[in-house]
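Below, each chain spelled out in residue letters.
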Amino acid sequence: MRIHHLNCTTMCPPGGRLVDGRKGFTGPAALTCHCLLVEGRQGLILVDTGFGLEDVKHRRPRLSPLFLDLLTRPQLNEGSTAIRQIERMGFQARDVRDIVLTHLDFDHAGGLDDFPHARVHLLSDEYQGAVAQATPLDRRRYRPLQWMHETQWVTYPSGGDGERWFGFECVRDLAGLPPEILLVPLPGHTLGHAGVAIQNGGGWLLHAGDAYFYHGEMAPDRYRCTPGLRAYQKLMQKDGYLRWHNMRRLRELVQRHGRDVTVFCAHDSLEFELLEEQEKAPERSPLRTFVDTRPPLHA
C-alpha cells in the first residue's frame, strides 16, 4: 500500500508558540489536520477527512462560532480539502471506497459529504455519542450538518477481538478493508475515540488522532506540552483519566517499540512535516519518534 500524508486545512488559534511551540515564529499558531490517503488494492482509503468543501462554502451553519472564530480559527479554502488534494493526484471522489475515522469532531469529519460513495468506519461509542449531543460542548464539537446525509456507517464495538496489537486492544477485520488496517480504541478525548494502525512494509504507522496534541507528549525522556494545548485538551476531554491513561500507554509504545511503530497525532505540524518529507524521500530511514531539538521549520 502507498500512503500519502495530507494536511486538510491548517488551524491558526491565537497564542503562537504558547500553543504550537514553534520557536522563532510570531503570530498565531499553526496546527494541521493530518489525514492519510491509502492506495489500497480495492480503491482509496481515507483516514479522517479534515474540513470539506461544504465547510468552506457554508462555514457559519456548519461550524460553531466558538471554534470557527475563537479556539481553532481554521483557514478554510478549497485547495486544502481532501477531495481537491485527491483530484490533484489524478483520482476522483468515487475512487475513495472507505473512510476510517478516529472520531467525529468537526475538524476530522467535515469532508464526509465530499465522498458520497464511501463507507464510513468508526467505533459505535463514537457514533452514539455524536448522535446523542449530550452536553453543550458536544453540540459544538459534533456538527450533524457535516454527516446528516451519510448512510453507509459501519460501526464496531470498542472491545477488541483477535490478538492484541502491541499490548492494545484492537478491532481487526474491518469490513471490506485489508487486514493491515486496524482500529485501536483510545478513549478519553471522546468516549469513542480511536487510533488507526496501518502496516506498511516492515513497520506500522499509528494515527493517534487527538489522543495527544504535541510531539513532546511522546518524548522518551520527559513529558512536555505547551500551555495552550494542555488547556485545550482539558477543555475537550470527555474522560480525563482515560485520556491520560492512553497517553501514557502511547508513550510506552514509543519507548518500547519505536523501531516498529511510528506514532503521530492529528494536529502537530512538526510531525506532519517530517512524515511528509519522509513520504517524498522514502529512501531515508523511517522516522520513528519526533523531538523538538531540530532547527526551526520553514527556515
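In case you missed it, the structure is sitting above this.
None of the values given here were measured: they were computed from a predicted structure.

Colleague: If you had to explain the overall build of the protein to someone new, which residues and values would you point to?
Modeller: Each helix and strand counted, the protein has eleven helices and ten strands in total. What you see for the protein is a C-alpha radius of gyration of 18 Å, in line with the 19 Å of a compact globule of 299 residues. In terms of its C-alpha atoms, the protein occupies a principal-axis envelope of roughly 45 × 45 × 40 Å. Burial analysis of the protein (299 residues in total) assigns 55% to the buried set. The contacts of the protein with a sequence gap of at least 6 include a subset with a gap of at least 24, amounting to 65%. Total accessible area on the protein stands at roughly 12,800 Å², and carbon and sulfur atoms take up 51% of it. Here the protein contributes 36 positively and 37 negatively charged side chains, and the mean placements of these two sets differ by 5 Å.

Colleague: I'd like a description of the sheet that holds strand β5 (residues 119–123), backed by residues and values.
Modeller: Reading across from one edge, β1-β2-β3-β4-β5-β6 is the order of the six strands in this open sheet, with mixed pairing throughout. Where the open sheet ends on each side, the last strands, each with one partner, are β1 (2–7) and β6 (153–156). In this sheet, adjacent strand axes meet at a mean angle of 20 degrees when their direction is disregarded. Of the strands in this sheet, β5 and β6 touch helix α7 (residues 124–132), which is tilted by about 95 degrees from β5. Sheet strands touched by helix α11 (residues 269–280): β1 and β2 (34–40). Its angle to β1, the strand with the most contacts, is close to 140 degrees.

Colleague: Any details on the pairing of strand β7 (residues 181–185)? Residues and values, ideally.
Modeller: Across the five residues of β7, five count as buried, placing the element largely inside the fold. What you see with β7 is no split at all: I181, L183 and P185 on one side and L182 and V184 on the other are buried throughout. Two elements, β7 and strand β8 (residues 194–200), share five bridges in a ladder whose sense is antiparallel. Following the sheet pairing, L182 is matched in β8 by A197.

Colleague: Kindly report on the environment of Y223, identifying the contributing residues and their values.
Modeller: Of note, Y223 is situated in the loop between β9 (203–207) and α9 (227–236). Using a relative accessible area of 28% as the deciding quantity, one classes Y223 as partly exposed. Each C-alpha atom, one on Y223 and one on R248, is 9.5 Å from the other, the two residues being 25 residues apart in sequence. If we skip the residues at most four places from it in the chain, Y223 touches G216, E217, R230, W244, M247 and R251.

Colleague: Can you tell me about helix α10 (residues 240–257), naming the residues and giving the values?
Modeller: Compared with an ideal rise of 1.5 Å per residue, which puts 18 residues at 26 Å, α10 spans 25 Å between its outermost C-alpha atoms and is within 8% of the ideal. Buried within α10 we find R243, N246, M247, L250, R251, L253 and V254. All buried residues of α10 lie within an arc of 155 degrees about the axis, which places them on one face of the element. Turned more than 90 degrees from where α10 packs its buried face, Y241 and R256 sit exposed. Contacts made by the buried residues of α10 are with β9, α9 and β10 (261–264). One side-chain oxygen at the N-terminal end of α10 lies 3.1 Å from the backbone nitrogen of Y241; it belongs to D239.

Colleague: Would you mind going over the side chain of H267 in detail, with residue names and values included?
Modeller: By the secondary structure assignment, H267 is in the loop between β10 and α11. Using a relative accessible area of 2% as the deciding quantity, one classes H267 as buried. A polar contact of 3.2 Å, which involves the side chain of H267, links it to the side chain of D107. Within polar-contact distance, the side chain of H267 engages the side chain of D210 at 3.1 Å. Excluding its chain neighbours within four sequence positions, the residues that come into contact with H267 are M11, L31, T32, C33, D107, H108, D210 and F213.

Cut-offs applied
- Residues numbered from 1 in each chain as written.
- Predicted model: local features only at pLDDT ≥ 70, side-chain atom pairs only at ≥ 80, totals over all residues.
- Heavy atoms only, no water.
- Helix = DSSP H or I, 4+ residues; strand = E, 2+ residues; numbered from the N terminus.
- Rg over C-alpha atoms; globule rule 2.2 N^0.38 Å.
- Buried < 20%, exposed > 50% of the residue type's maximum accessible area, 1.4 Å probe, protein only.
- Contact = heavy atoms within 4.5 Å.
- Areas by Shrake-Rupley, 256 points an atom, 1.4 Å probe, with all protein chains shown as cover.
- Lys, Arg positive; Asp, Glu negative; His and termini not counted.
- Charge placed at Lys NZ, Arg CZ, Asp CG, Glu CD.
- Pairing = 2+ DSSP bridges.
- Axes fitted to C-alpha atoms, helices over the stretch in contact; angles between N-to-C directions.
- Expected span 1.5 Å × (residues − 1).
- Arc of directions from axis to C-beta.
- Polar contact = N/O pair within 3.5 Å; in protein donor to acceptor, adjacent residues only side chain to side chain.

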